[in-house]
Amino acid sequence: MYAYKYLPFFLHSAKHTIRSSCAPKIHNYSKMSSTAGQVIRCKAAVAWEAEKPLVIDDVEVAPPQKMEVRVKIHFTSLCHTDVYFWEAKGQNPLFPRILGHEAGGIVESVGEGVKELKPGDKVLTIFTGECGECRHCKSAESNMCDLLRINTERGAMISDGKPRFSKDGKPIYHFLGTSTFSQYTVLHAGCVAKINPEAPLDKVCVLSCGISTGMGATLNVAKPTKGSTVAVFGLGTVGLAAAEGARIAGASRIIGIDMNPNRFKEATKFGVTEFVNPKDHNKPVQEVLAEMTDGGVDRCIECTGNVGAMISAFECVHDGWGVAVLVGVPNKDDSFKTNPINLLNERTLKGTFFGNYKPRTDIPGVVEKYMNKEMEVEKFITHKVNLSDINKAFDYMIRGESLRCIIDMGA
């Protein structure tokens with residue numbers, strides 16, 4: 001891991017520390033921005049150890065530095081990635097840490113050099129970024145920013161290698177550059193998407209990760225045509241969002257593949273028309289799908305991260321025009337194996353990151369789709385809890401009872 005040195009800016013006297021109750025609705029933005037340049041003390045759910053319940057603690061949040069933004073988080077939601085790293089299954093476990101990355105809030109203050117954001121702006125936090133200057137950001141074909149691409153091991157800010165969180169003078173690490181399980185957080189400005197000021201944060205916060213990833217994989221990468229047949233492997237939140245994208249695109253058949261039959265009823269709400277459980281068949285599921293669709297599906301989106309499912313997803317698309325898109329993240333030692341003839345027969349295999357959305361450029365438009373009633377997000381929201389009950393959100397997800405649980409950071 002990285003070695004950091006922590007300067008004494010964490011050790012501020014009480015007269016320079018602002019306490020926050022983080023009320024969920026703020027109307028006096030000018031008053032809020034009066035905290036600019038000062039340390040703010042607020043509540044945060046801190047993961048002190050792997051797999052131990054998060055602790056609601058008073059933490060100190062330092063002011064934003066160059067190209068950074070401090071945001072007051074109003075609502076955040078729990079993603080499986082948070083659970084994965086809380087369980088310490090990710091690379092090089094890092095504790096204590098403030099998890100969380102799907103969130104909406106209001107800009108409280110900005111650091112030096114930030115020009116496109118100001119106090120009072122309504123924003124979504126994004127786990128990957130858009131610096132606007134690198135070759136990826138300048139390319140219409142990529143959203144994989146050289147500077148701000150996701151880094152699961154980084155526990156501090158890019159500008160100086162130091163965290164902005166502390167408790168009793170001791171550092172608390174960041175997560176995915178977002179750390180939204182805190183009433184206030186500090187992010188690089190390139191990881192903040194300014195959105196419609198009328199957008200309800202308790203709804204659109206879920207668009208900052210999983211839903212956009214799945215929907216973008218379908219609409220931006222697979223690009224099914226009206227009347228086409230689409231298969232989706234894995235019917236969790238990302239897979240259901242991929243199915244929703246196929247529904248929006250006008251697919252005539254949307255086939256959901258999952259080994260949990262309990263998911264099919266819920267999946268019909270997202271446009272899934274048919275369901276296949278691989279365990280119900282004595283042949284590879286790609287052969288089952290080929291028989292169902294006269295040779296293969298037009299498009300397939302894989303959302304499990306299981307390398308076997310990835311191979312099946314590619315091999316189930318029709319030769320000549322079929323496109324398979326890989327969304328799920330495999331284990332680092334996995335390898336993908338298929339007969340090269342599958343490629344020579346004009347099947348296409350693609351990967352995608354965050355649905356090929358550029359965070360600052362494209363996510364405001366995704367929010368507008370919701371505001372214009374072109375898409376729904378409410379059906380993804382299965383539970384709501386207060387910050388004090390955040391561990392219930394983890395329980396819901398671990399038991400497989402929730403898609404997205406909204407956490408009210410003001411309560």
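Residues numbered from 1 in each chain as written. Predicted model: local features only at pLDDT ≥ 70, side-chain atom pairs only at ≥ 80, totals over all residues. Heavy atoms only, no water.

1. Section: the confidence of the model for the chain
Link 1 in the chain: Residues of the chain with pLDDT of at least 70 account for 91%, and the chain-wide mean is 91.
Link 2 in the chain: Low pLDDT, under 50, characterises residues 1–17; the stretch is placed with 35 contacts to residues that sit more than four places away or in other chains.
Link 3 in the chain: Segment residues 21–31 is flagged for pLDDT under 50; beyond a separation of four residues in sequence, or across chains, it makes 19 contacts in the model. (pLDDT = per-residue confidence, 0-100. Contact = heavy atoms within 4.5 Å.)

2. Notes on empty space enclosed by the protein
Link 1 in the chain: Scanning all chains against the criterion turns up two cavities of 30 Å³ or more.
Link 2 in the chain: Quantified by volume, the largest cavity comes out at close to 120 Å³.
Link 3 in the chain: One number sums up the size of the second largest cavity: a volume of about 40 Å³.
Link 4 in the chain: F85, Q91, N92, P93, L94, F95, R97 and L99 are the residues that line the second largest cavity.
Link 5 in the chain: Its residues placed into classes, the lining of the second largest cavity shows five nonpolar, two polar and one charged. (1 Å grid on protein atoms, 1.4 Å probe; cavity = no way out; pocket = protein on both sides within 12 Å on 5 of 7 lines; lining within 4 Å. Points joined across faces, edges and corners; volume = space filled by probe spheres on them. Nonpolar A, V, L, I, M, F, W, Y, C, P; charged D, E, K, R; others polar.)

3. Some thoughts on the pairing of strand β18 (residues 404–408)
Link 1 in the chain: Counting buried positions over the five residues of β18 gives five, a clear majority of the element.
Link 2 in the chain: Of the two faces of β18, the one holding R404, I406 and D408 and the one holding C405 and I407 are both buried throughout.
Link 3 in the chain: Judged from the three bridges that link them, strand β4 (residues 68–77) and β18 form a sheet pairing that is antiparallel. Following the sheet pairing, T76 is matched in β18 by I407.
Link 4 in the chain: Pairing geometry for strand β17 (residues 381–386) and β18, over five bridges, is parallel. Each bridged residue has a counterpart across the sheet, and for N386 the counterpart in β18 is D408.
Link 5 in the chain: Once you follow β17 into helix α12 (residues 390–398) and on to β18, the crossover reads as right-handed. (Buried < 20%, exposed > 50% of the residue type's maximum accessible area, 1.4 Å probe, protein only. Helix = DSSP H or I, 4+ residues; strand = E, 2+ residues; numbered from the N terminus. Pairing = 2+ DSSP bridges. Right-handed = clockwise from strand over helix to strand, strands pointing away.)

4. A look at the packing of helix α5 (residues 210–222) against helix α6 (residues 237–249)
In a pair of packed helices, the angle between the axes and the distance between the axes together describe the arrangement.
Link 1 in the chain: Orientation of α5 relative to α6, taken along the N-to-C sense of each, is 40°, at an axis distance of 7 Å. One way to sum up the angle between α5 and α6 is to call them oblique. Crossing handedness for the pair α5 and α6: right-handed. Between α5, through G210, I211, T213, G214, M215, T218 and L219, and α6, the contact on the second element is made entirely by T237, V238, A241, A242, E244, G245, A246, I248 and A249.
Link 2 in the chain: Its residues assigned to classes, the contact of α5 with α6 comprises nine nonpolar, six polar and one charged. (Axes fitted to C-alpha atoms, helices over the stretch in contact; angles between N-to-C directions. Parallel < 35°, antiparallel > 145°, perpendicular 65-115°, else oblique. Left-handed = near helix turned anticlockwise from the far one by under 90°.)

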